[in-house]
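Observations on the model geometry
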Amino acid sequence: MRALLLLCCWLLSAPVMAGAPIVAAASSLQFALEAAAAQFTQQTGHALRLNFGSSGNFRRQIAQGAPFELFMSADEGFVQALYDEGHVDNAGVMYARGRLAWAQPAGRYSLPDEQAPLAGVQEAIAALEEGQRLRIAIASPEHAPYGMVAREVLQKAGLWESSEALRVQGENVSQAMQFALSGEARGGLVAYSLAVAPALVGRSEAVLIPEAWHTPLRQRMVLMPQAGEVAHAFYAWLQQPDAKEIFQTYGFSTD
């Protein structure tokens with residue numbers, strides 16, 4: 001009987017997942033948004049379902065009627081496109097600015113410095129000429145914003161074509177981060193928010209790519225027309241100091 005009472009109390013106090021709003025979020029947010037959602041749930045008692053992936057794929061799914069209630073894109077262009085096409089009621093708000101970084105397995109290679117953050121790519125290209133294949137990971141430039149700017153950076157540096165044989169693409173930037181830390185990789189151009197996440201302490205080391213080298217990563221979010229009260233509450237909460245502090249901890253800018 002005591003065990004049954006404890007179970008009933010837990011069920012009454014635990015957040016209800018059934019009917020919890022689905023948040024479609026860019027993979028660059030994986031660790032930051034999990035922390036933010038946990039704090040929101042602790043403060044309000046409302047549960048959320050987080051679905052991480054590439055912003056371009058989510059933009060297409062939303063246009064096709066996917067049942068998301070909040071879309072958090074890594075590139076404001078996808079939100080603007082949904083608004084222009086009439087799929088959402090407004091253009092939402094920018095919640096953070098992301099940073100691109102060169103990330104590599106901790107302790108395996110010399111970490112490039114801030115003045116030459118692409119040195120790892122250049123080293124991998126040089127190694128290829130000697131018969132050694134060290135992979136360079138990026139997210140897909142076709143639908144992942146961090147992949148788009150990674151391509152932009154490599155093209156401007158004159159390294160896009162010469163690194164073609166070495167590049168391995170992740171479906172999203174989270175998968176690219178996994179590839180960057182694999183045994184065959186020299187590293188990768190990925191989201192700084194993933195490279196410095198506490199979950200990867202001791203496994204990853206990173207150096208920032210200068211923002212002036214690529215199109216700014218203005219990350220924008222928007223509510224879907226079908227969004228309910230909990231989604232509206234989370235949308236508002238994400239614009240408050242508690243959420244901004246979490247984003248900043250994970251390497252995002254919120255000004």
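These numbers come from a predicted model, not from an experiment. (Residues numbered from 1 in each chain as written. Predicted model: local features only at pLDDT ≥ 70, side-chain atom pairs only at ≥ 80, totals over all residues. Heavy atoms only, no water.)

1. Thoughts on the sheet that holds strand β8 (residues 185-191)
Convention followed: Here, a strand pair is defined by DSSP locating no fewer than two bridges between the strands. Runs of H or I in DSSP of at least four residues are treated as helices and runs of E of at least two as strands, each being numbered from the N terminus. Working convention: axes come from line fits to C-alpha atoms, limited for helices to the stretch in contact. Angles between N-to-C directions cover 0 to 180 degrees. Any two residues whose heavy atoms approach within 4.5 Å are treated as being in contact.
Here we have five strands laid out as an open sheet, ordered β7-β6-β8-β5-β9, and mixed in their pairing. Of all strands in the sheet, those bounded by a partner on one side alone are β7 (167-170) and β9 (204-208). Neighbour to neighbour, the strand axes of the sheet diverge by 25° on average, direction disregarded. Pairing between strand β6 (residues 135-139) and β7: four bridges, direction parallel. Within the sheet, the bridge partner assigned to Ala137 lies in β7 and is Val168. The strands that helix α7 (residues 173-180) touches are β5 (100-105), β6, β7, β8 and β9; relative to β8, the one it contacts most, it runs at about 155°.

2. Some words on the nonpolar core
Put simply, the rule reads: Joining through side-chain atoms within 4.5 Å is the link that ties buried Ala, Val, Leu, Ile, Met, Phe, Trp, Tyr and Cys residues into a set, and such a set is a nonpolar core. Buried residues are those whose accessible area, probed at 1.4 Å on protein chains only, stays under 20% of the maximum for their type, while exposed residues exceed 50% and partly exposed ones sit between those limits.
One finds Leu33, Leu70, Met72, Leu189, Phe234 and Leu238 to be the most contacted residues of the largest nonpolar core, which totals 64 residues. Setting aside its immediate chain neighbours within four residues, Leu189 contacts Leu100, Ala101, Trp102, Leu118, Ala137, Ile138, Ala150, Leu154 and Ile209. Phe68, Phe71, Val79 and Val88 belong to the second-largest nonpolar core, a separate cluster that totals 13 residues.

3. Here's the deal with helix α6 (residues 145-156)
Operational definition: What a helix is expected to span follows from its residue count: subtract one and scale by 1.5 Å.
Over its twelve residues, α6 extends 17 Å from the first C-alpha to the last, a length consistent with the 16 Å expected when each residue adds 1.5 Å. Buried within α6 we find Pro145, Tyr146, Gly147, Val149, Ala150, Glu152, Val153 and Leu154. Among the residues trailing α6, Gly158 stands out with phi positive, at a value near 75°.

4. Section: helix α4 (residues 76-84)
Inclusion rule: Directions are taken from the helix axis to each C-beta atom, and the arc is the one they span.
Regarding α4, the residues found buried are Phe78, Val79 and Leu82. End-on view of α4: buried residues confined to an arc of 100°, all on one side of the axis. If you follow the buried residues of α4, they end up packed against α3 (55-63), β3 (70-72), α6 and β10 (217-223).

5. A closer look at the sheet that holds β3
Pairing between the strands of a sheet comes from backbone hydrogen bonds, and it takes one of two forms, parallel or antiparallel. With mixed pairing, the five strands of this open sheet are ordered in space as β2-β1-β3-β10-β4. Strands with a single pairing partner mark the edges of an open sheet, and in this sheet they are β2 (49-53) and β4 (93-98). Within the sheet, the average angular offset between the axes of one strand and its neighbour, ignoring direction, is 20°. Inspection of the sheet shows strand β1 (residues 22-26) paired to β2 by five bridges, in the parallel sense. The residue bridging Val23 from the neighbouring strand is Leu50, located in β2. Strands in contact with helix α9 (residues 229-237) are β1, β3, β4 and β10; relative to β10, the strand with the most contacts, it is inclined by about 150°.

6. Structural notes on the environment of Val201
With respect to the helices and strands, Val201 occurs in the loop between α8 (192-195) and β9. Placed 21 residues apart in sequence, Val201 and Val222 show a C-alpha to C-alpha distance of 32 Å.

7. Some remarks on the confidence of the model for the protein
Note the threshold: On a scale of 0 to 100, pLDDT captures the predictor's confidence in every residue.
In this model, the protein carries a mean pLDDT of 92, and residues with pLDDT of at least 70 account for 93%. Within the model, the stretch residues 1-16 combines pLDDT values under 50 with five contacts to residues more than four positions away or in other chains.

8. Some thoughts on the side chain of Ser174
Structurally, Ser174 is set in helix α7. The residues touching Ser174, leaving out its near neighbours within four places in the chain, are Ser27, Gln30 and Leu194.

9. Re empty space enclosed by the protein
Rule in force here: We place a 1 Å grid over just the protein atoms. Points where a 1.4 Å probe fits but has no way out form a cavity, open points with protein on both sides within 12 Å along at least 5 of 7 lines form a pocket, and any residue with an atom within 4 Å of a point lines it. Grid points are joined across faces, edges and corners, and a volume is the space filled by probe spheres set on the points. Just so you know the grouping, Ala, Val, Leu, Ile, Met, Phe, Trp, Tyr, Cys and Pro go in nonpolar, Asp, Glu, Lys and Arg go in charged, and all remaining residues, Gly too, go in polar.
Per the counting criterion, the structure on display carries one cavity of 30 Å³ or more. Taken as a whole, the largest cavity encloses approximately 50 Å³ of empty space. A per-class count over the lining of the largest cavity returns six nonpolar, six polar and no charged.

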